[in-house]
Amino acid sequence: MIGTRELTTLAFAVAALTLSAVSVAQSDENGPLKTTMDSFLVSVDKKGKETVAPTKEAEPGQVIQYRIGATNMSKAPLRGLVINGPIPANTKYQAKSNKAQTAHSFLVSIDGGATWDKEPVKRKRKDKDGKIKEVVIGPEEYTHTRWVVKSALGPKKKLEFTYRVKVD
């Protein structure tokens, strides 16, 4: 039987593979954009000071920060950069945790990356009385994050994008 720790470790591997698939879709293996994805365990000490440390495993209740790096390996600016980050199974996106080092639009998906929305995500759903109402979809239903970069990434320049999830 697989325990929560093993499932979460598996989720880290799936997240890394998903990012790799996105990177390959944007450029070939030796193309102009190199991407990396690292995971960090977020801890808060008794004084309220936050620290992050590299990790490959997490336990329920812990917060993980993902850091995606995007480096332009070419001699020309890259335009139209779109960076996707998965939200692994057994985790939930932490609202307003996304950050980027550049001007961007931030989008999320609630359907595995098929569609993308700005926050707050709204959908029409039936309530308990069977009436259709527009509701706000919470971050616990997000499956992916996306940054649409508004400016060109200069030659040999690197950007970082971060977001956090909490392990169920």
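Participant: Sorry if this is basic, but what is going on with the overall build of the chain here?
Facilitator: What the chain contains, in helices and strands, is 1 helix and 11 strands. Order of helices (α) and strands (β) in the chain, N terminus to C terminus: α-β-β-β-β-β-β-β-β-β-β-β. Counting every position in the chain, which comprises 168 residues, the buried fraction comes to 38%. Intrachain contacts of the chain at a sequence separation of at least 6 include 71% that bridge at least 24 residues. For the chain, the exposed area adds up to about 10,000 Å²; of that, 53% sits on carbon and sulfur atoms.

Participant: Which parts of the structure should I look at to understand the pairing of strand β10 (residues 144–149)?
Facilitator: A regular strand places its side chains so that they alternate between the two faces of the sheet. Among the 6 residues of β10, 5 are classified as buried, and the element is accordingly described as predominantly covered. Sheet topology note: the strand β7 (residues 104–109)/β10 ladder contains 6 bridges and is antiparallel. Paired with F106 across the two strands is W147, which belongs to β10.

Participant: When you look at the side chain of N84 in this model, what are you seeing that I'm missing?
Facilitator: As for its placement among the helices and strands, N84 is situated in strand β4 (residues 82–86). Side chain to side chain, N84 and R146 meet in a polar contact 2.7 Å long.

Participant: Honestly, the nonpolar core in this entry has me stumped. Any pointers?
Facilitator: Most often, soluble globular proteins keep nonpolar side chains buried together rather than apart. With 27 residues, the main nonpolar core has L81, F161 and Y163 as its most contacted residues. Put simply, the parts of the chain that give this core at least two residues each are β1 (33–44), β3 (63–72), β7, β10 and β11 (158–167). With near-sequence residues (within four places) excluded, F161 lies in contact with Y66, R67, I68, A70, I83, K99, A100, T102, W147 and V149.

About the thresholds
- Within any chain, residue numbers begin from 1 and follow the written order of that chain's sequence.
- Note on the predicted model: pLDDT of at least 70 is required for a residue's local features to be given, and 80 or more for side-chain atom pairs to be given and counted; whole-chain, interface and lining totals, by contrast, use all residues.
- Here the side-chain values reflect all heavy atoms present in the structure, with hydrogen atoms and water set aside.
- Strands here mean DSSP runs of E at least two residues long; helices mean DSSP runs of H or I at least four residues long; both are numbered from the N terminus.
- Relative accessible area decides the class of each residue, using a 1.4 Å probe on protein chains only: under 20% of the type maximum gives buried, over 50% gives exposed, and in between gives partly exposed.
- We call two residues contacting when some pair of their heavy atoms lies within 4.5 Å.
- Shrake-Rupley sampling with a 1.4 Å probe provides the accessible areas, and residues are treated as covered by the protein chains on show and by no other component.
- For two strands to pair, DSSP has to find at least two bridges joining them.
- Counting of polar contacts relies on pairs of N or O atoms within 3.5 Å, with two restrictions inside protein: one atom must be capable of donating a hydrogen and the other of accepting it, and residues adjacent in sequence are counted only when both atoms are side-chain atoms.
- What we call a nonpolar core is a set of buried Ala, Val, Leu, Ile, Met, Phe, Trp, Tyr and Cys residues that are connected through their side-chain atoms within 4.5 Å.

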